[in-house]
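Tertiary structure, described
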Amino acid sequence: MAELLVEKTAPAIKIDRVTKTFPVPFTRQAIVAVRDLSLQVEPGQIYGLLGPNGSGKSTTLKIILGLVAPTRGKSEIFGHDSRTVGSREAVGFLPESPYFYNYLTGAETLAFFGKLSRLRGPTLRTKIDETLALVGLSEARHRRLSGYSKGMLQRIGLAQALIHDPKLVILDEPTASVDPAGTRDIHRILLNLKRRGVTVLLSSHLLSQVQEICDRVGILAQGALVREGAVEELLALEDRTEVVLRDASPELLREIGALAQKSGAEVVEERKSRTTLERLFLDATENLASEKRRTSTAERPTSNGEPPRRDPS
Amino acid sequence: MQHRVFSPRRLAAIATNTLTELTRLKIFHVLLLFALFLIGSSLFVARLSFQQEFQVLKDIALGAMSLFTSLLAILATARLLPQDRADRTVYTILARPVPRFEYIIGKLAGVLLLLAISMLVMSALFFVVLFLREQATSAAAARGMAGLSAEQITVALANNHAEIFSANLLPGLVVIYLKACLLAALTLLISTFATTNIFTVVTTVIVYFIGHLQATAREFWLQEQGASWLGRAFLASVALLFPDLQLFDFSDEIITGLAIPLALFGKVIALGFFYIVLYLLLAIAVFNTREL
């Protein structure tokens, strides 16, 4: 049976009034994991599904992927019912804290998942090389996953989700247990996917990270969608405006305050602009790393054993 | 790319990956060593009882092979599905266009490949041991037949050879493999609804013993309780659910040198296939309804 897999007019993901309950064994009770959930993700968007632990994020992702059947309602991927196997032809998925087969090397892992998507021969080999390079694991391609760090496992997980050029990538807590530099790399990869028209749905409880890269977000609480919309719209405070000044003198600030008061406005807060802790961390670690690289290059002897010449500049 | 409901390539990828996983397990190496030890020790035991040397040798070797392949089938299969669930690897596989039946068949195919390789290695070792013992005993026998003509000695040694490498060895080995395949399919079925490896292993071992005892129990029941329809229905359902594993043992025929009737061999093969397919279909049905 053949079927067309990506219908261009259909939303990448459409969840319509989905409810999922799990019966509690030996009782007549049931746990409601997802409650009357409806949402839609358009092609090319990065959509963030937010919520505290136990809010129903992972169950929602599993319903979308057809791993769990909804008690009520319907889920579709590019217009195809999620319960059909064919709907997952153009989907890549990274589960939360994946382990994979630790007896395989990085390259073998990608070969296995590539074969499941019916890649083979030179195409498969090329895709393995490209994807390993994309996630920065080319050097570790022949190492077994048992020797990978958590961050590397997350990267190989992302690589297996991308090996077959999916149109939709679903990531469950993609930056959990990844350091800030790794997180930034993953964000860069996701933004690059977006530029190529790939739809990304990610779940996370790391709000600042989601804010950085997502176009839209949905906030889940106790299985229900409590807020949903474009990030800019959700975060904007309609009655407030920020003006960022450089080298403003105290006199100028006083004048601005007086002007605002005169026009009936109120200066709510006046403070120094701040960087983020993440930016500070990245700048500090990157500066140190580049300093080390410079030092080691300068100290390395030349091929004839003489000390290196210093750049006159 | 268009979706294919069934893809031999996907199935082969799962099967070969399962085989790789199992061959890299330490338990497999330990069990292989165990089998090698048993077959090797049979050589030693055979030396002690000169009269029935090859009978004892075959008895121990076939028994060890049957035990080893059964253990391997149960222990190797029991961990496959729970491990994939624990590592969440099952999500990454089934989140791709992989039907659940392909996943289950691929896992079983991997185990059957492992069992086939194990049987080939053990059989080769068994035949090497037989050959070496034959060489040793033939030389001794030839020395003992010093008064006979060369032709008589040749005939006697040829008879010896035919008895040692009897034609019934092959079906005996096939049936041992089939029994292990059946146990692997049964273990896979139990692991589709079990929550722990221990439950799977213990339940399969219980079924293993029921399978070995059911023929005796059935005869005893029919003698004691008579043949009421209720009793017959009960026995029929037990017989249908649990295979009569005693049937998968031709060691008596092999040891005593009796020919294995083709009809009996065919019946055992058919029964083995019936149970493997039955358990596989049930495993697919259960796994299809499971929420991951």
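It is worth spelling out the overall build of chain A at this point. Within chain A one finds 9 helices and 10 strands. The buried share of chain A, reckoned over its 313 residues, is 37%.

Right, let's talk about the overall build of chain B for a bit. A count of helical and extended segments in chain B gives 11 helices and 0 strands. Across chain B, helices and strands are ordered from the amino to the carboxyl terminus as α-α-α-α-α-α-α-α-α-α-α. For chain B, the spread of C-alpha atoms along the three principal axes comes to 80 × 55 × 35 Å. In chain B, buried positions account for 35% of the 292 residues. Long-range pairs, those at least 24 residues apart, make up 83% of the contacts in chain B between residues at least 6 apart in sequence.

With 25 residues, helix H7 (residues 169–193) of chain B should cover 36 Å at 1.5 Å per step; its first-to-last C-alpha distance of 38 Å lies within 8% of that length. Counted residue by residue, H7 of chain B has 21 buried out of 25 residues, so it is predominantly covered.

Overall, the predicted model of chain B reaches an average pLDDT of 84, with 91% of residues at or above 70. Scored as a complex, the prediction yields pTM 0.83 and ipTM 0.83.

So, about the interface of chain A and chain B. Contacts between the two partners involve 28 residues from chain A and, on the opposite side, 26 residues from chain B. When residues of the side of chain A that touches chain B are assigned to their parent elements, the largest contribution, 4 residues, is made by helix H2 (residues 106–116) of chain A. A breakdown of the residues in the side of chain A that touches chain B according to their chemical character gives 19 nonpolar, 3 polar and 6 charged.

Hydrogen bonds along the backbone pair up the strands of a sheet, which may run parallel or antiparallel. All names here are of chain A. An order of S2-S1-S4-S5 is seen for the 4 strands of this open sheet, with the pairing classed as antiparallel. Each end of this open sheet is capped by a strand with a single partner; those strands are strand S2 (30–41) and strand S5 (80–81). One ladder, built from 5 bridges, connects strand S1 (residues 13–23) with strand S4 (residues 72–77); its direction is antiparallel. From the neighbouring strand, Lys14 faces S4, where its bridge partner is Glu76.

Put simply, H2 of chain A and helix H1 (residues 8–23) of chain B touch, their axes get as near as 8 Å, and they point 150° apart. Relative to H1 of chain B, the element H2 of chain A is oriented roughly antiparallel. Between H2 of chain A and H1 of chain B, the residues in contact are Phe112, Lys115 and Leu116 of chain A and Arg9, Arg10, Ala13 and Asn17 of chain B, respectively. Looking at the contact of H2 of chain A with H1 of chain B, its residues break down into 3 nonpolar, 1 polar and 3 charged.

Attention now moves to helix H8 (residues 250–262) of chain A. With 13 residues, H8 of chain A extends 18 Å between its outermost C-alpha atoms, agreeing within 8% with the 18 Å of an ideal straight helix rising 1.5 Å per residue. With its phi angle positive at about 90°, Gly264 of chain A sits one or two positions after the end of H8 of chain A.

Regular strands show a simple pattern: their side chains alternate between the two faces of the sheet. All names here are of chain A. Looking at chain direction, S4 and S5 are connected through 2 bridges and run antiparallel. Looking at S5, one finds that Ile77 is bridged to His80. The hairpin formed by S4 and S5 contains 2 residues between the paired strands, and Phe78 there has a positive phi angle of roughly 45°.

It is worth spelling out the nonpolar core at this point. One recurring pattern in soluble globular proteins is that nonpolar side chains are buried together. Ile170 of chain A together with Leu115, Cys181, Ala184 and Ala185 of chain B are the most contacted members of the largest nonpolar core, which totals 126 residues. Ignoring anything within four residues of it in the chain, the contact list for Ile170 of chain A reads Leu61, Ile64, Leu65, Val91, Phe93 and Leu201 of chain A.

Residues and elements named next belong to chain A. Strand order in the open sheet formed by 6 strands is S6-S7-S8-S3-S9-S10, and the pairing between neighbours is mixed. Two strands in the sheet have a free side with no partner beyond their single neighbour: strand S6 (91–94) and strand S10 (224–230). Shown here is a sheet whose adjacent strand axes are inclined to one another by a mean of 15°, direction ignored. Pairing of S6 with strand S7 (residues 168–172) involves 4 bridges; the strand directions are parallel. Residue Phe93 lies in a different strand from S7, and its bridge partner there is Ile170. Strands in contact with helix H4 (residues 150–162) are S6 and S7; relative to S6, the strand with the most contacts, it is inclined by about 165°.

Another point: unusual backbone geometry. Residue and element names in this part refer to chain A. Backbone geometry places Glu173, a non-glycine residue, at a positive phi of 50°. You can see Glu173 is positioned in the loop between S7 and helix H5 (180–195). Given 19 C-beta atoms within a 10 Å radius, Glu173 is considered partly exposed. With a phi angle near 50°, Gln222 is a residue other than glycine that sits in the positive phi range. Following the sequence through the fold, Gln222 ends up in the loop between strand S9 (216–221) and S10. By the C-beta count within 10 Å, which is 14 here, Gln222 ends up partly exposed.

So, on to the environment of Phe78 of chain A. When you line up the elements, Phe78 of chain A lands in the loop between S4 and S5. Looking at Phe78 of chain A, the number of C-beta atoms within 10 Å reads 23, which means it is buried.

A separate point is the confidence of the model for chain A. Residue and element names in this part refer to chain A. Predicted confidence across chain A gives a mean pLDDT of 85, with 87% of residues reaching 70 or more. By mean pLDDT, the top-scoring element of chain A is H2 (95), and the lowest-scoring one is helix H9 (residues 277–299) (67). Confidence over residues 302–313 falls short of pLDDT 50; this stretch has 5 contacts with residues more than four positions distant or in other chains.

Thresholds, definitions, all that
Residues numbered from 1 in each chain as written. Chains lettered and ligands numbered in written order. Predicted model: local features only at pLDDT ≥ 70, side-chain atom pairs only at ≥ 80, totals over all residues. Helix = DSSP H or I, 4+ residues; strand = E, 2+ residues; numbered from the N terminus. Buried ≥ 20, exposed ≤ 12 C-beta atoms within 10 Å, placed from the backbone. Contact = placed C-beta atoms within 7 Å. Expected span 1.5 Å × (residues − 1). pLDDT = per-residue confidence, 0-100. Nonpolar A, V, L, I, M, F, W, Y, C, P; charged D, E, K, R; others polar. Pairing = 2+ DSSP bridges. Axes fitted to C-alpha atoms, helices over the stretch in contact; angles between N-to-C directions. Parallel < 35°, antiparallel > 145°, perpendicular 65-115°, else oblique. Core = buried A, V, L, I, M, F, W, Y, C linked by C-beta atoms within 7 Å.

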